[in-house]
Amino acid sequence: MYYKKCVNVAKQGLSVTFPDASESFAQLLLENLKNDMKENLETLIKDAESNIADSKTVELKGLLQQDFEPEVLESKKRPELVKNEFKGLRSFWLGLDVNVKRDFMKVSIAKLIGFVKGVHHRPGRDALKQILDSAKEDRKWTFWMCRTKCSKKFSSAEECKNHLEKEHAADYKPFSEMDMAKRIGKDWTRKISLGSWEPVDIAAAVEMIKNRLPEVKAFSYKNGWSKEWPLAEDEERSKLLKEIKFFLVMFCDLKILPCSIRDWMKRYSVTHLKNLNVSEQSLVDSHLVDTPQSICFLECHKLSYILNLLKRIKCERDDGTNLVRRAVDSILDSTRSKEKIDFDPQFSFLLLDRRLLKSNNGPFVDEGEINVFDPNVHYAKAHAQGDDIVSWLTDYNSVEKTFPRPIREHNLDIWVAVLRAVQFTCRTFGTKYAKKVQLFDYLAAIVAAEKLCKSEYERRRKLKEDQWNSYASLLCDKCEECFSRKNFLKRKLFLSVVRDILEEASDLTFDLPDIEGCMNLIREHKSLNDDIVLKSLICLNSVVIFKILLIDSKILLVDNSRISLLNNLTRLSLFDNRTYILQLLKPFLLNEIVNMESKAKSDAAVADLLLEEEKKNPKPSPIQSKKKKNTSKKRNSTSMSSPLSKPGEHLEPETTSPTVEEDSMELGDTVNQEEVMKNMLGEDSQSEHLESALSEASARYNSALDMTLKALLNIKILKEDLMHNMQPLQHHLEDQVPSVLQNFFTAFVSEEIKTEGVYSYLLSDLLALLEEVLSMVCVEKILY
């Protein structure tokens, strides 16, 4: 590629531009900016990585910052406390009938919406509606969003990536296609990796090409290599070839081996064989130009020359890319939805992941797709043998801390930081490509100098030696010609090249602070020996070619960083609507299962009380006989299934329609309520026993109430809602909400409940209230 570039520039003469001072200053400024930003980015990401290692939620501030939401009842032993608090809930779940568990997985959308209306303001309700509408229309939970002001949404990662490249400077394209650094393809990668890389007997191989070309044309090649070439027993060459293979394979794996290096090695080998009087067409016919095996024809010093270039290629770039990747991995792992949520055909039920009914869930691959199932069929064979769903309901680490949070703000700080890193990497591309163009111009000036010398060499063949011009004098005369022209500033690069040639410089120089002094130096070397000039030309040509090849590998290394950062930026652009819906769904379901357990315990306690009274009374009344029958039914239904016919319904005390006996007692002239009470309770001792039994029943509520209150204390969204609505609640519902409950919620919001003894005091007040209500309920059941 660069050979074509040189030829094209050489044909145009010496009209080569040189970067002015402002461009040099801009490059210096950009390099300083690069170092500062690299240090800042690396430091900030390391801080973020340290926080991530502690399993904390990480955000980046400025470039990267830390952001934590307050925890309710924060404690170092919080996992153990949660485990104990929900221990009874787990036992309750495990004791439920399998059909009840399967029904629980079907979540009524109407009831979920009703729940949201009861605890959220309008933004939360609107967010839920948008999520459900989007799910129904797109049949996907996931989408990608650009977090800039354009806030465009995309249905695939590729669309999002293309948008970022085109609209937000996440890619760089050089002005000329010839300047583009390109990686070698899979075909050459395979040839390099699978080759034997054994040294070829050069003399025997050249003899075969020259004298037995038809046989050579018939050689069979597998993956670009033929076993029919004669091999040489040369340990030194074999070692060098193995080292060359090692580096080339490594560069292929790292995707930093440019086509220019491959082309240079091929041309280097072809030039060597042409010097051995092998025609270029013979090399084409023998397929050596299409295989890396041509390198195996080189001698030791030429192999060392190639190896020297390969050893100078940089394989790593310390730019914080790996830190960014680890930070993004940790953030996404902590927020990624790990369970599927599907719908029924009418989109009236959310269908939870069947794996929540099992223990020891296997690996889960999820693309965010939404499936539609018949619930009865979907859960028909689902085994319900674990308590994973309880752990899932009580785990709030995987949901948004604030709701509803604007999607554009989701991981916004780190998103912006990574975008800036991508854009800075693209600016680095610009610097590298500008340097490459400068090197091409320098190489073109060398080619022009070589052309002058070659022209003089051809002219000498027809002249006597005393009529020859020295190469140095020709170059000097060309510089004088450039110096005298009005557009000299456009040709000063040639002046710099000639100075480097005549001074036998070992490296390239581009700046010319003293042009007049440079011309004087060139004039002083006008009589330099031709051999020295030619040697210097060859040396500088090798240096500039090496620099071009190395800068191509550096460009690919920078592009690897750009691709990695862009991929991470695209991953951060992904949003899963389940992140929002779980914030609503988990509290709703936890509330439902707690209600189920409380209702079951309540029914069991009342049933036990009535059965004990039945045993104490030798002659049960007709009403007690009826109650006993109903109690037995309730106990059986509680142990086998659940007091709920369908999950998600609010649990209310069951009532029975009046029986014939009850109607007759209410309407009879000779039977009144006082007589019924006397018949039921008998003597005073029976009344005392009833009070004792009621006290014992209320004690059974202690653990259930304690567990329920602690569950409420762990619902962050409840606290947030109460903080905003406490005063309106007290103002409008002062007469309807018991003062005990008002005191409890006030202590909850003000965090006084964390003070030692306050929680126990409030729990006692609530138990007293519960005993009073329970007594009234029991008496009503007995009377009516």
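Residues numbered from 1 in each chain as written. Predicted model: local features only at pLDDT ≥ 70, side-chain atom pairs only at ≥ 80, totals over all residues. Heavy atoms only, no water.

**Q** What should I look at first to understand the overall build of the protein chain in this one?
**A** Assigned secondary structure in the protein chain consists of 31 helices and 6 strands. Sorting the 784 residues of the protein chain into buried and exposed places 46% on the buried side. Looking at the protein chain alone, contacts between residues at least 24 apart form 82% of all its contacts between residues at least 6 apart. Taken as a whole, the protein chain presents about 41300 Å² of accessible surface, with 52% of it coming from carbon and sulfur. (Helix = DSSP H or I, 4+ residues; strand = E, 2+ residues; numbered from the N terminus. Buried < 20%, exposed > 50% of the residue type's maximum accessible area, 1.4 Å probe, protein only. Contact = heavy atoms within 4.5 Å. Areas by Shrake-Rupley, 256 points an atom, 1.4 Å probe, with all protein chains shown as cover.)

**Q** Would you mind going over the packing of helix α21 (residues 492-502) against helix α23 (residues 530-573) with me for this structure?
**A** In a packed pair of helices, the relevant descriptors are the angle between the two axes and the axis-to-axis distance. Following both chains from N to C, one finds α21 and α23 inclined at 120°, their axes separated by 8 Å at the closest point. Crossing of α21 over α23 shows right-handed handedness. Contacts from D500, I501 and L502 of α21 reach α23 at V533, S536, L537 and L540. For the contact of α21 with α23, the class distribution of residues is 5 nonpolar, 1 polar and 1 charged. (Axes fitted to C-alpha atoms, helices over the stretch in contact; angles between N-to-C directions. Left-handed = near helix turned anticlockwise from the far one by under 90°. Nonpolar A, V, L, I, M, F, W, Y, C, P; charged D, E, K, R; others polar.)

**Q** Would you mind showing me how to read the sheet that holds strand β6 (residues 574-576) here?
**A** Remark on secondary structure: sheet strands pair via backbone hydrogen bonds, oriented parallel or antiparallel. Spatially, the 3 strands line up as an open sheet ordered β3-β2-β6, and their pairing is antiparallel. Here the strands that pair on one side only, and so sit at the sheet edges, are β3 (153-154) and β6. Here strand β2 (residues 142-145) runs beside β3; their pairing, made up of 2 bridges, is antiparallel. The partner of W144 across the bridge, within β3, is F154. Contacts from α23 reach β2 and β6 within the one sheet, and its direction differs from that of β6 by about 25°. Helix α24 (residues 578-616) rests against β2 and β6 of the sheet, and its axis sits at about 25° to β6. (Pairing = 2+ DSSP bridges.)

**Q** Would you explain the sheet that holds strand β5 (residues 349-352) in this entry?
**A** With respect to topology, 3 strands assemble into an open sheet ordered β1-β5-β4, the strand pairing being antiparallel. Only two strands of the sheet have a single partner each, and these edge strands are β1 (106-108) and β4 (341-343). For this sheet, the mean angle separating the axes of adjacent strands, direction not counted, is 35°. As judged from the 3 bridges shared by β4 and β5, these two strands associate in the antiparallel manner. By the bridge assignment, I341 is partnered in β5 with L352.

**Q** Any chance you could explain the packing of helix α16 (residues 321-335) against α23 here in plain terms?
**A** Between α16 and α23, whose axes approach to 10 Å, the crossing angle comes to 15°. Considering their axes alone, α16 and α23 lie roughly parallel with respect to each other. Between α16 and α23 lies a crossing whose hand is left-handed. Taking contact as the criterion, the partners of T321, V324, R325, V328, D329 and L332 in α16 are, on α23, S561, S564, L565, N568, R571 and L572. Split by residue class, the contact of α16 with α23 holds 5 nonpolar, 4 polar and 3 charged. (Parallel < 35°, antiparallel > 145°, perpendicular 65-115°, else oblique.)

**Q** What should I look at first to understand helix α30 (residues 739-750) in this one?
**A** In an α-helix, one turn spans 3.6 residues; hence positions three or four apart end up facing the same way. With 12 residues, α30 extends 16 Å from end C-alpha to end C-alpha; this agrees with the ideal 16 Å at 1.5 Å per step. Of the positions making up α30, those classed as buried are V740, Q742, F744, F745, A747 and F748. E751, located one to two residues past α30, shows a positive phi value of around 70°. (Expected span 1.5 Å × (residues − 1).)

**Q** How do you make sense of the pairing of β5 when you look at a structure like this?
**A** Looking along a regular strand, one sees side chains alternate from face to face of the sheet. Where β1 meets β5, 3 bridges bridge the pair, whose relative direction is antiparallel. If you follow V107 over to β5, its bridge partner there is L350. Two successive antiparallel strands, β4 and β5, enclose a turn made up of 5 residues, where F347 displays a positive phi of approximately 55°.

**Q** Would you mind showing me how to read the packing of aromatic side chains here?
**A** The geometry of an aromatic ring pair is captured by the separation of the ring centres together with the interplanar angle, meaning the angle of the planes. Tallied over the full model, the rule gives 20 aromatic pairs. Aromatic pair Y172 and Y433: ring centres 5.7 Å apart, planes at 25°, arrangement stacked. Taken together, the residues Y172 in the loop between α8 (157-167) and α9 (186-194) and Y433 in helix α19 (residues 412-460) connect sequence positions 261 residues apart. Take Y172: its relative accessible area is 25%, and that puts it in the partly exposed class. On the numbers, 5.4 Å between centres and 75° between planes, the contact of F246 with F247 is edge-to-face. Each residue in the set W264, Y268, Y305 and F546 is aromatic and connected to the rest through ring pairs, giving one cluster. Stacked on the ring of F143, the Lys or Arg K153 has its end atom at 4.1 Å from the ring centre. Here K191 stacks its cationic end above the ring of W188, 5.0 Å away from the centre of that ring. (Phe/Tyr/Trp six-rings, centres within 6.5 Å; stacked < 30°, edge-to-face > 60°. Lys NZ or Arg CZ within 6 Å of the ring centre and 35° of its normal.)

**Q** Help me understand the pattern of salt bridges, please; the structure alone is not making it clear to me.
**A** A side chain of one charge can pair with a side chain of the opposite charge if their charged atoms are brought near each other. Taken as a whole and assessed by the stated rule, the structure comprises 37 salt bridges. Across the salt bridge formed by E198 and K242, the nearest N and O atoms sit 3.2 Å from each other. Of this pair, E198 sits in the loop between α9 and α10 (202-211) while K242 sits in helix α12 (residues 235-254), and the two are 44 residues apart along the sequence. Taking the relative accessible area as the measure of exposure, E198 reaches 30% and is therefore partly exposed. Look at K242 and you get partly exposed, because its relative accessible area is 36%. The residue K547 makes a salt bridge to D507 at a minimum N-O spacing of 3.5 Å. Here D507 lies in the loop between α21 and α22 (515-524) and K547 lies in helix α23, a separation of 40 residues in the sequence. Since its relative accessible area comes to 38%, D507 is described here as partly exposed. (Salt bridge = Lys/Arg side-chain N within 4 Å of Asp/Glu carboxyl O.)

**Q** It is not clear to me how the confidence of the model for the protein chain should be interpreted in this structure. Could you clarify?
**A** Per-residue confidence for the protein chain gives a mean pLDDT of 76, with 72% of residues at or over 70. Contacts for the low-pLDDT stretch residues 1-34, under 50 throughout, to residues beyond four places or in other chains number 50 contacts. Contacts from residues 48-79, a stretch scored under 50 in pLDDT, to residues over four places away or in other chains number 63 contacts. (pLDDT = per-residue confidence, 0-100.)

**Q** Just checking my understanding: could you explain unusual backbone geometry for this structure?
**A** Apart from glycine, the bulk of residues carry a negative phi angle, and the bulk of peptide bonds sit in the trans form. Backbone geometry places W197, a non-glycine residue, at a positive phi of 55°. By secondary structure assignment, the location of W197 is in the loop between α9 and α10. If you check the backbone angles, H287 has positive phi at about 65° while not being a glycine.

**Q** Quick question: what am I supposed to make of the pairing of β2 here?
**A** A two-sided burial pattern is seen for β2, the buried positions comprising T142 and W144 on one face and F143 and M145 on the other. The pairing of β2 with β6 spans 3 bridges and is antiparallel. Bridging across to β6, F143 finds its partner in F575.

**Q** Is there a simple way to think about the side chain of R317 in this case?
**A** Locating R317 in the fold gives a position in the loop between α15 (300-311) and α16. Take R317: its relative accessible area is 19%, and that puts it in the buried class.

**Q** What's the story with the state of the cysteines in this structure? I'm lost.
**A** Defined simply, a disulfide is a covalent bond joining two cysteines at their sulfur atoms. Enumeration over the complete set of coordinates arrives at 0 disulfides. Considering cysteine sulfurs only, C146 is the nearest to C160, which forms no disulfide, with 6.7 Å between them. (Disulfide = S-S within 2.5 Å.)

**Q** Is there a simple way to explain the environment of I538 in this structure?
**A** Position of I538 among the secondary structure elements: in helix α23. For I538 and I446, which are 92 residues apart along the polypeptide, the C-alpha to C-alpha distance reads 9.3 Å.

**Q** Hey, could you run me through the environment of L475 in this one?
**A** Note that L475 resides in helix α20 (residues 471-484). Along the chain, L475 and E450 lie 25 residues apart, while their C-alpha atoms are 9.7 Å from each other. Not counting chain neighbours up to four residues away, the residues in contact with L475 comprise A449, L452, F494, V498, I501 and V533.

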